[in-house]
Each structure stands twice: as C-alpha cells, then as structure tokens.
Amino acid sequence: GDSVTQTEGLVTLTEGLPVMLNCTYQSTYSPFLFWYVQHLNEAPKLLLKSFTDNKRPEHQGFHATLHKSSSSFHLQKSSAQLSDSALYYCALSDTGNTGKLIFGLGTTLQVQP
Amino acid sequence: GPKVLQIPSHQIIDMGQMVTLNCDPVSNHLYFYWYKQILGQQMEFLVNFYNGKVMEKSKLFKDQFSVERPDGSYFTLKIQPTALEDSAVYFCASSLRQPETLYFGSGTRLTVL
C-alpha cells in the first residue's frame, strides 16, 4: 500500500544554515504530496502542496520539488530561522482520492542560535 | 486561516467508560476526518465522513468507534467502551472538497486508565 518515509527523529541546525528534510514515498499512482508543520501545542498546518504541473511550491522560504523518478518530495530552505523549530510531517493523498492523507513519522527540526 | 476546534483538549477516563470527542470543523467544509496518534508514532487515518455517511474507515476504526454529525453541529467520535489501547491524541480535520488540503484541529489527548 501507499507509504511515506521521512528523515527520522531529530534534526538540529544552527540558525542561518540550510535545511533539508527528506521525504520519499511509495504509491501505485501519482499522488499529491504535502508538507505539514506542527508547532508545540498547535494544530498541524499545511506548509506546502505539490502541483500537478510540476511547479515548485514555496511558502515562508520553504520549497519542495516533487521528483516522480525518485519518488521524493524533500523539504528545503536556504537559511534556517529560530522560528522554524517545529515538527514537520510529509504526507501523500490517497490515490483513490478519498481525501485521506497518509503521514510519515515526522521529523523534529530544532534550530539553535 | 480556517480553524478547526477540538473539545476537550484533554480527557481522562476509566477503561470501559464511554467517551465522546467533539470537533467543530471549518464552517463551509463538507468532508471530515479523524486521525489517531499514539505517542512517538505517526498520525494514522481512522475514518472520513461526508454527507452524513462514513466514506472509508481503517482497521483501527474498531466496532466500538462511531462517528456522526447531527444537524450540522459538532462532528463527534464516540468510543464505547474504551480500552487501554485507545489512549492517544485524536486529531479532527476537515476539507472543502477532495482531494484537497486538510485543516486540522489541535487534537484531544485521551488517557484511558
């Protein structure tokens, strides 16, 4: 069945350094891919969503490129900020288009001064 | 942005009791979801709901679980009776259409003693 694999556990970075959180997926078809971000005690919020026309989605300095050849949707940012510290989930939409999302385990990003 | 509210944020009950988790979805949304997250694990799909009916449920959605949204009020998840393994954070989500961005609540932490 469909599945998502992320960089696991905790990623610790110094402020100003580039961010890359890995996400690969397995799916029979061509699903939509999403990145959600969850700050402490808050709801998970959509950060990025893949487009059908191969445009690269960007938001708050983050971007991700869907590579169907490698089944990846890695999250990147050129310069980490302290406020980027949060839990990041990669998810794919169910290919049966029932709307459900299948999530990875999540990666905690901790940005230090 | 659109907000999904979940009530209560925490709930502690004794095994065997009934519990109802409440979700106030985004006002014009039509599709509703429940996800379960056990500590340290990924968010897992439980059920989705549209037009008064369950569309799809996972194997985690046991016979003791039920969902409803009477007369456009709260979207509820009822567990009767509860078991120790039901202890988790339950996230509600809603969307306007499918496939589409899901908007999540902050979750209800359920502890079954």
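Residues numbered from 1 in each chain as written. Chains lettered and ligands numbered in written order. Predicted model: local features only at pLDDT ≥ 70, side-chain atom pairs only at ≥ 80, totals over all residues. Heavy atoms only, no water.

Caption draft 1: Main features of the nonpolar core. Leu33, Trp35, Leu47, Leu75 and Tyr88 of chain A are the most contacted members of the largest nonpolar core, which has 25 residues in total. Those elements giving two or more residues to this core turn out to be strand 2 (9-14), strand 3 (19-21), strand 4 (23-26), strand 5 (33-38), strand 6 (45-49), strand 8 (62-64), strand 10 (86-93) and strand 12 (107-112) of chain A. The biggest single contributor to this core is strand 10 of chain A, with 4 residues. Judged by nonpolar contacts, the second largest core, of 22 residues, contains Val4, Leu77, Ile79 and Val112 of chain B. (Core = buried A, V, L, I, M, F, W, Y, C linked by side-chain atoms within 4.5 Å. Buried < 20%, exposed > 50% of the residue type's maximum accessible area, 1.4 Å probe, protein only. Helix = DSSP H or I, 4+ residues; strand = E, 2+ residues; numbered from the N terminus.)

Caption draft 2: Up close: the environment of Pro113 of chain A. Residue and element names in this part refer to chain A. Of note, Pro113 is situated in the segment after strand 12. Each C-alpha atom of the pair Pro113 and Val19 lies 14 Å from the other, and the pair is 94 residues apart in sequence. Beyond its immediate stretch of four places on either side in the chain, Pro113 contacts Thr14, Glu15 and Leu82. (Contact = heavy atoms within 4.5 Å.)

Caption draft 3: Inspection of the interface of chain B and chain A at higher detail. Between chain B and chain A, the residue contacts involve 20 residues of the former and 20 residues of the latter. A buried area of about 1700 Å², summed over both sides, lies between chain B and chain A, and 57% of it is on carbon and sulfur atoms. Summed over the shared surface of chain B and chain A, the result is 1 salt bridge. For Lys100 of chain A, the salt bridge identified is with Glu56 of chain B, shortest N-O distance 2.7 Å. Where chain B packs against chain A, one counts 6 residue pairs in polar contact (both at pLDDT 80 or more). Put simply, the parts of the chain that give the side of chain B that touches chain A at least two residues each are strand 4 (31-37), strand 5 (44-50) and strand 6 (53-57) of chain B. Here the element with the most residues in the side of chain B that touches chain A is strand 4 of chain B; it accounts for 3 residues. (Buried area = accessible area lost by both parts, 1.4 Å probe. Salt bridge = Lys/Arg side-chain N within 4 Å of Asp/Glu carboxyl O. Polar contact = N/O pair within 3.5 Å; in protein donor to acceptor, adjacent residues only side chain to side chain.)

Caption draft 4: Representation of the side chain of Asp84 of chain A in the model. Residues and elements named next belong to chain A. Examined against the element boundaries, Asp84 turns out to sit in the loop between strand 9 (75-77) and strand 10. Here Lys77 takes part through its side chain, which lies 2.8 Å from a polar atom of the side chain of Asp84. In contact with Asp84, other than residues within four places in its own chain, are Phe62, Lys77, Ser79, Leu109 and Val111.

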